[in-house]
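Take a look at the letters that make up each chain.
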Amino acid sequence: MRVAIVLFTRDLRVHDQPALTEAVRSAEQVVPLFVFDDAVLERFAVPNRAAFLLDCLSDLDAALRDRGAELVIRSGDVVAETMRVAREVGAQCVFVSEDVSAYAQMRERRLRGACEAERLEFRALPGATVVPPGDLAPAGADHYSVFTPYWNRWRAAARRKALEAPRRVALPADVGSSGLPQLADLVQGSPSAELPRGGEAEARLRLDRWARDELQHYGRMHDDLAADATSRLSPFLHFGCLSPLEVVERALAEDGGEPFVRQLAWRDFYAQLLSANPQTSHEDLRSRGGRWRRADEELAAWKEGRTGYPLVDAGMRQLQREGWMHNRARLVTASFLAKHLYLDWRLGAEHFFDLLVDGDLANNVGNWQWVAGTGADTRPNRVFNPILQAKRFDKAGDYVRRHVPELAEVEGACVHEPWKLGLLRPGGYPEPIVDHTEAVTRFRRASQRTS
Ligand code: FAD
């Protein structure tokens, strides 16, 4: 009897899950395994993502039970635990999904080595991205560093077909599982008040509803902050509750799907960038020799949404409240930290990573570096003006009023420049911590010195 182990990581679904499908196809019995990995918990566990992860695991367990198995839970060192389960059940093979961070790549190498040492077959399968990292490369390089040529290749690339969920998964008898822990066993602190619920079932419902009712308006509406017209699928994509390939197939089947699919190509772009440059989780991709300032008070004001720039503060408070922020607000808040305050992008990326339920190393550092001018942006000196951005993307001021209660009574677009009303600190709202023109001049001088 051939027995396989599928080690789930952040591929928490049964539909279009190549590692699971391949295990079911090639073995009579399969152990779906999830290991609470000490190393990951130590470095990355935060309440929002831990709470979402527990939802995802409980939903995956339910989907596997519907198919005759269950999710086996262990904790400890992920490689040691996988090999322990393999010995307990007499497995012949181990399947995982490929992933891109330095840690994930090291985990894959260690697993491969451990399997070789015990003469088990080991296979790493695609599924985390639409196009696997490394599949597309320009002449003379092993990955793309600029998005537009990547997108042109990506949209023309052949895609595998999304896989059906397996109908049955046969689990060997008597595999011990520790069951799911409580949130408090994993992390200290509480999740954001308006955190979404995780899991594949929820993800598929959202995708269906969104593709049917909203996708057609995406191209026109996705930058409108108050309309909140993006898919909000990012945490589900991060934890693999949805296959990005299936999302693309679904979107392309509807009218107006292309602008949305382009965003999914950005996701693949950053995955291949991190996969080829794993050190960029903490190092500049293209160092410009900048000397970031240190200003703890200003950093704290930014984190707490007290900069005196209403759009920046609205974004930062949305992040606190929902564990999520609209992309346009991410761009403006990140640019404000790196360019107006001239503080190190790593401080901002770390704060985002502490709170974002979709916190994803490749997307977070890729976007932060793009905004800070150390990454894949071809216009590193661009500065987002927080007032013009607000007037353009939150025309009536509703996004700001929704997230900054001190300004809830200020009418219309005046909410973006409350100091112009002649009111000193309306509703106790702070004055700007930095003057826009002076800040931009400081940034431009610094970037001239370094470029
Ligand atoms: P939609 O607009 O509906 O887009 C669909 C999907 O496309 C998203 O779910 C996401 O998977 C992908 N996508 C969209 N925009 C981008 C982008 N710019 N880069 C990469 N993928 C994209 N996204 C994360 O998933 N995790 C992060 O940690 C993260 N950090 C970010 C930090 C900064 C400073 C910035 C500017 C952007 C960051 N993003 C991150 C990208 C983007 O803001 C979010 O993916 C998006 O806001 C999620 O909302 P949505 O699912 O409604 O997006």
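In case you missed it, the structure is sitting above this.
Let us look at the structure shown here. (Residues numbered from 1 in each chain as written. Predicted model: local features only at pLDDT ≥ 70, side-chain atom pairs only at ≥ 80, totals over all residues. Heavy atoms only, no water.)

1. So, the overall build of the protein
For step 1, the next point in the chain: Tallying secondary structure elements over the protein gives 20 helices and 5 strands in all.
For step 2, the next point in the chain: Intrachain contacts of the protein at a sequence separation of at least 6 include 79% that bridge at least 24 residues.
For step 3, the next point in the chain: Of the roughly 19,600 Å² of accessible surface on the protein, a fraction of 47% belongs to carbon and sulfur atoms.
For step 4, the next point in the chain: Taking the average location of the 60 positive side-chain charges in the protein and that of its 64 negative ones, the two points are 5 Å from each other. (Helix = DSSP H or I, 4+ residues; strand = E, 2+ residues; numbered from the N terminus. Contact = heavy atoms within 4.5 Å. Areas by Shrake-Rupley, 256 points an atom, 1.4 Å probe, with all protein chains shown as cover. Lys, Arg positive; Asp, Glu negative; His and termini not counted. Charge placed at Lys NZ, Arg CZ, Asp CG, Glu CD.)

2. Some thoughts on the site of the ligand
For step 1, the next point in the chain: Taken together, 28 residues form the shell around the ligand, and within it Tyr-218, Thr-230, Ser-231, Arg-232 and Asn-327 come nearest.
For step 2, the next point in the chain: Taking Tyr-218, its side chain carries an N or O atom lying 2.5 Å from an oxygen atom of the ligand.
For step 3, the next point in the chain: Note that a nitrogen atom of the ligand is positioned 3.0 Å from one of the side-chain N or O atoms of Gln-263.
For step 4, the next point in the chain: Burial of the ligand by the surrounding chains reaches 98%, relative to a free accessible area of 820 Å².
For step 5, the next point in the chain: Among the elements of the structure, α10 (234-238), α12 (258-276), α15 (327-340) and α17 (361-372) are those that each provide at least two residues to the shell around the ligand.
For step 6, the next point in the chain: Grouping the amino acids of the shell around the ligand by side-chain chemistry returns 14 nonpolar, 9 polar and 5 charged. (Near = heavy atom within 4 Å. Polar contact = N/O pair within 3.5 Å; in protein donor to acceptor, adjacent residues only side chain to side chain. Nonpolar A, V, L, I, M, F, W, Y, C, P; charged D, E, K, R; others polar.)

3. Focus on the pattern of salt bridges
For step 1, the next point in the chain: As enumerated under the stated definition, the model contains 34 salt bridges in all.
For step 2, the next point in the chain: Across the salt bridge formed by Arg-294 and Asp-296, the nearest N and O atoms sit 3.1 Å from each other. (Salt bridge = Lys/Arg side-chain N within 4 Å of Asp/Glu carboxyl O.)

4. Description of the sheet that holds strand β1 (residues 3-8)
For step 1, the next point in the chain: Pairing is parallel across the open sheet formed by 5 strands, whose spatial order is β3-β2-β1-β4-β5. Every interior strand has two partners, whereas the edge strands, β3 (72-76) and β5 (121-125), have only one. Ignoring strand direction, the axes of neighbouring strands in this sheet form an average angle of 25 degrees.
For step 2, the next point in the chain: When strand β4 (residues 93-97) meets β5, the two strands line up parallel, connected through 5 bridges. Paired with Ser-97 across the strands is Leu-125, a residue of β5.
For step 3, the next point in the chain: Taken strand by strand, helix α5 (residues 102-117) contacts β1, β2 (29-37), β4 and β5, and its axis lies near 160 degrees from that of β5. (Pairing = 2+ DSSP bridges. Axes fitted to C-alpha atoms, helices over the stretch in contact; angles between N-to-C directions.)

5. Some points on the nonpolar core
For step 1, the next point in the chain: Among the nonpolar cores identified, the biggest contains 113 residues, and Leu-12, Phe-34, Trp-154, Phe-260, Phe-269 and Trp-302 are the most heavily contacted of them.
For step 2, the next point in the chain: Residues Leu-33, Val-72, Val-78 and Val-85 belong to the second largest nonpolar core, which totals 24 residues. (Core = buried A, V, L, I, M, F, W, Y, C linked by side-chain atoms within 4.5 Å. Buried < 20%, exposed > 50% of the residue type's maximum accessible area, 1.4 Å probe, protein only.)

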